[in-house]
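# Chain and residue survey
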Amino acid sequence: PTANIAVVGLAVMGSNLARNLASREGNTVAVYNRTTAKTDALLEAHPEAGFVKAATMQELADSLQTPRTAIVMVKAGRPTDAVIDELVSVFEPGDIIVDGGNALFTDTIRREQAVRETGIHFVGCGISGGEEGALNGPSLMPGGTPESYETLGPILRGIAAIAEGEPCVTHIGTDGAGHFVKMIHNGIEYADMQLIAEAYDLIRHATGKSPAEIADIFTEWNAGELESYLIEITAEVLRQVDATTGEPLVDVILDAAGAKGTGAWTVQTALDLGVPVSGIAEAVFARSLSSKPQQRAAGAALPGPSTPWSVQDPDAFVEDVRLALYASKVIAYSQGFDAIVQGAIDHDWQIDKGEVARIWRGGCIIRARFLNRITEAYAADQGLVALVTAPFFSDVMATAQDSWRRIVAGAAQSGIPVPAFASSLAYYDGLRAPRLPASLIQGQRDFFGAHTYRRIDAEGTFHTLWSGDRSEIAAEDTH
Ligand code: NDP
């Protein structure tokens, strides 16, 4: 056997990852694809990679040194299950199967359990960065056993993106932890993109600036604390002129956002965990709304405010939007990390939050300068209960909140939809509030369903005899 690593599935992601692996000193990469023509095409296009061709799964197993390690990059869902079954039938105890696809973390937990019974290691590994990342260095989020990471770690460190001298990979936790964290990454990505889109929309509608002018604003922002891949590419997209019409490309692209489902997974999971990820949820819902042409056509006739925003000082306004974006972004990340904290508790994972922020600094879509601040916040306090309360981030809120409030209020008054800005602010104010009207909700619940409530001044649970004399009795907590 000559190969030390295999890639199964040679579509865009798999072939790029295989080339990345092959380009690293010490790796010999075996490649397999269900349709052999694809394998042949890859070998022909990249003779420099020195790939070892496997026409069957058995050939793949035979070509690998032990412990055998194979990275699966096939369509998520059933195809992944099918390929895992085939690999299990030709691998031996101690070998490692890595699923690099976008699996739902609960599928990964299930697969890990099933594969573990054969003595083979199963590692669900989140991979971020799209095809460019796969080729030149992705951010990698492997789960699975610490033992499997001893073999896998050095290989993954070799192909990962490098940020400030360090590879963007760490062992996230056992079984589905890697895919869980990748899912949250995607959820945060949805929120980040929506927030940037709202910032653009506000500036455009309230100041009348052109997409090209707004592109310059984003380029400027990218030199400061908002520096990130998403801000950078936003400027590029806004600057693009359509060759056919001569119009800004952003004006000829149909305004219906697609989604592959990982944002929705994040929200569904957060609902199960009981973690408010309102910024992410609004971002997912905003895409849904954008893709409802019939509803939007019907809605176009609805009444709106009579006066548009009259911005007196465009520069001051743009700075307000920048700070509103920054504050909302902190909330989105804070909520995402809250979900990681709660997920780790529920699934018994030891996840180092600072490490997660560190490996997101390169290779992935949400790579950004301010992730360093998150790493620092968790380094200073591993038990941080809400990221936004860390000193650095509460200082950001102190600086940004007046701008944020002006922007959300102005947007509401002038009828510009800013769901993610507004819900992030509402979350922030909810978090700050010394008393929430949840007391009233408890009262309502007790009234119609005898769900009981607790008091601020006594232990135990209580129920008011609403349909009787309205006296209060001590109650068994029934819910
Ligand atoms: P696709 O998701 O389009 O999957 C195509 C690959 O799956 C082909 O190799 C295909 O083989 C194989 N396949 C499909 N069905 C089966 C089956 N029943 N048995 C065996 N093989 C099968 O490829 P991508 O490269 O786009 O993505 C691969 C994985 O990486 C996916 O899980 C995706 O979600 C994930 N991913 C994608 C990212 C991206 O930016 N695109 C980023 C990160 C992860 P054949 O040629 O024989 O049809």
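Residues numbered from 1 in each chain as written. Predicted model: local features only at pLDDT ≥ 70, side-chain atom pairs only at ≥ 80, totals over all residues. Heavy atoms only, no water.

## Some points on the site of the ligand
For clarity, the threshold we go by: Proximity criterion: a residue is near a molecule or strand once any of its heavy atoms comes within 4 Å of it. Pairs of N or O atoms are called polar contacts if they sit within 3.5 Å, as long as, within protein, a hydrogen donor faces a hydrogen acceptor (for residues adjacent in sequence, only side-chain-to-side-chain pairs). Accessible surface is estimated by sampling points in the Shrake-Rupley manner with a 1.4 Å probe; for residues, cover comes only from the protein chains shown. Numbered from the N terminus, helices here are DSSP runs of H or I no shorter than four residues, and strands are runs of E no shorter than two. Side-chain classes are defined by residue name, with Ala, Val, Leu, Ile, Met, Phe, Trp, Tyr, Cys and Pro counting as nonpolar, Asp, Glu, Lys and Arg as charged, and the others, Gly among them, as polar.
For the ligand, the set of nearby residues contains 19 residues, the closest of which are Met13, Asn33, Arg34, Thr35 and Lys38. Side-chain polar atom of Thr35 to an oxygen atom of the ligand: 2.5 Å apart, as the coordinates give it. A distance of 2.7 Å separates an oxygen atom of the ligand from a polar side-chain atom of Lys38. Summarising the interface, the protein chains cover 78% of the accessible area of the ligand, which totals 890 Å² for the free molecule. Of all elements in the fold, only α1 (12–22) and α4 (78–90) reach the threshold of two or more residues within the shell around the ligand. The class makeup of the residues in the shell around the ligand is 10 nonpolar, six polar and three charged.

## Notes on the pairing of strand β7 (residues 139–142)
Our working definition: Working definition: with a 1.4 Å probe on protein chains only, accessible area under 20% of the residue-type maximum means buried, over 50% means exposed, and in between means partly exposed. At least two DSSP bridges between two strands are needed for those strands to be called paired.
On β7, burial covers both faces: Ser139 and Met141 on one face and Leu140 and Pro142 on the other are all buried. Bridge count for strand β6 (residues 121–128) against β7 is four bridges, and the pairing is antiparallel. Paired with Gly126 across the bridge in β7 is Met141.

## A short note on the sheet that holds strand β3 (residues 52–53)
Put simply, the rule is: Here, two residues are considered to be in contact whenever any of their heavy atoms come within 4.5 Å of each other. Every axis corresponds to a line fitted to the C-alpha atoms, with the helix fit spanning only the stretch in contact, and the corresponding angles, defined between N-to-C directions, vary from 0 to 180 degrees.
Taken in spatial order, the seven strands make up an open sheet running β3-β2-β1-β4-β5-β6-β7, and their pairing is mixed. Strands with a single pairing partner mark the edges of an open sheet, and in this sheet they are β3 and β7. Contacts from helix α8 (residues 177–207) reach β5 (96–99), β6 and β7 within the one sheet, and its direction differs from that of β6 by about 15 degrees.

## What to know about the packing of aromatic side chains
So the rule is basically this: Ring geometry is summarised as follows: Phe, Tyr and Trp rings, the Trp one being its six-membered ring, pair when their centres sit within 6.5 Å, and such pairs are stacked at plane angles under 30 degrees, edge-to-face over 60 and tilted between the two. In our convention, an over-ring charge means Lys NZ or Arg CZ found within 6 Å of a ring centre and within 35 degrees of that ring's normal.
Applying the stated criterion across every chain, the model contains 13 aromatic pairs. With a centroid separation of 5.0 Å and 85 degrees between ring planes, the pair formed by Phe105 and Phe180 is classed as edge-to-face. In this pair, Phe105 sits in helix α5 (residues 105–116) while Phe180 sits in helix α8, placing the two residues 75 residues apart along the sequence. Take Phe180: its relative accessible area is 0%, and that puts it in the buried class. Relative to Trp349, the ring of Phe180 lies with its centre 5.2 Å away and its plane at 55 degrees, an arrangement referred to as tilted. Note that Phe180 is positioned in helix α8 and Trp349 in the loop between α15 (314–347) and α16 (353–359), a separation of 169 residues in sequence. Trp349 carries the same exposure label as Phe180, and that label is buried. In this structure, Arg367 packs its charged tip against the face of Tyr229, placed 4.1 Å from the ring centre.

## Comments concerning the sheet that holds strand β10 (residues 453–454)
One open sheet accounts for three strands, arranged β10-β11-β12; its pairing is antiparallel. Of all strands in the sheet, those with a lone pairing partner are β10 and β12 (472–475), marking the two edges. When strand β11 (residues 461–464) meets β12, the two strands line up antiparallel, connected through four bridges. If you follow Thr461 over to β12, its bridge partner there is Ala475.

## Side note on the pattern of salt bridges
As a reminder of what qualifies: Any carboxyl oxygen of Asp or Glu that lies within 4 Å of a side-chain nitrogen of Lys or Arg is treated as forming a salt bridge with it.
Under the criterion given, the structure shown has 24 salt bridges. For the salt bridge of Arg369 with Glu227, the shortest nitrogen-to-oxygen distance reads 3.2 Å. Taken together, the residues Arg369 in the loop between α16 and α17 (371–380) and Glu227 in the loop between α9 (211–221) and α10 (229–239) connect sequence positions 142 residues apart. In this structure Arg369 comes out as partly exposed when scored by relative accessible area, which is 35%. Across the salt bridge formed by Asp429 and Arg432, the nearest N and O atoms sit 3.1 Å from each other.

## A closer look at the pairing of strand β1 (residues 5–8)
Our working rule: When the strands point away from the viewer and the path from the first strand over the helix to the second turns clockwise, the crossover is right-handed.
Residues Ile5 and Val7 of β1 are buried on one face, and the alternating residues Ala6 and Val8, pointing to the opposite face, are buried as well. Two strands pair when backbone bridges link them, and β1 and strand β2 (residues 29–32) are joined in this way by four bridges, in the parallel orientation. Pairing of Ala6 across the sheet is with Ala30, part of β2. Chirality of the crossover, the property in question, places the unit of β1, α1 and β2 among those that are right-handed. Relative to strand β4 (residues 69–72), β1 runs parallel, the two being bridged by three bridges. Opposite Ala6, over in β4, you have Ala70 as the bridge partner.

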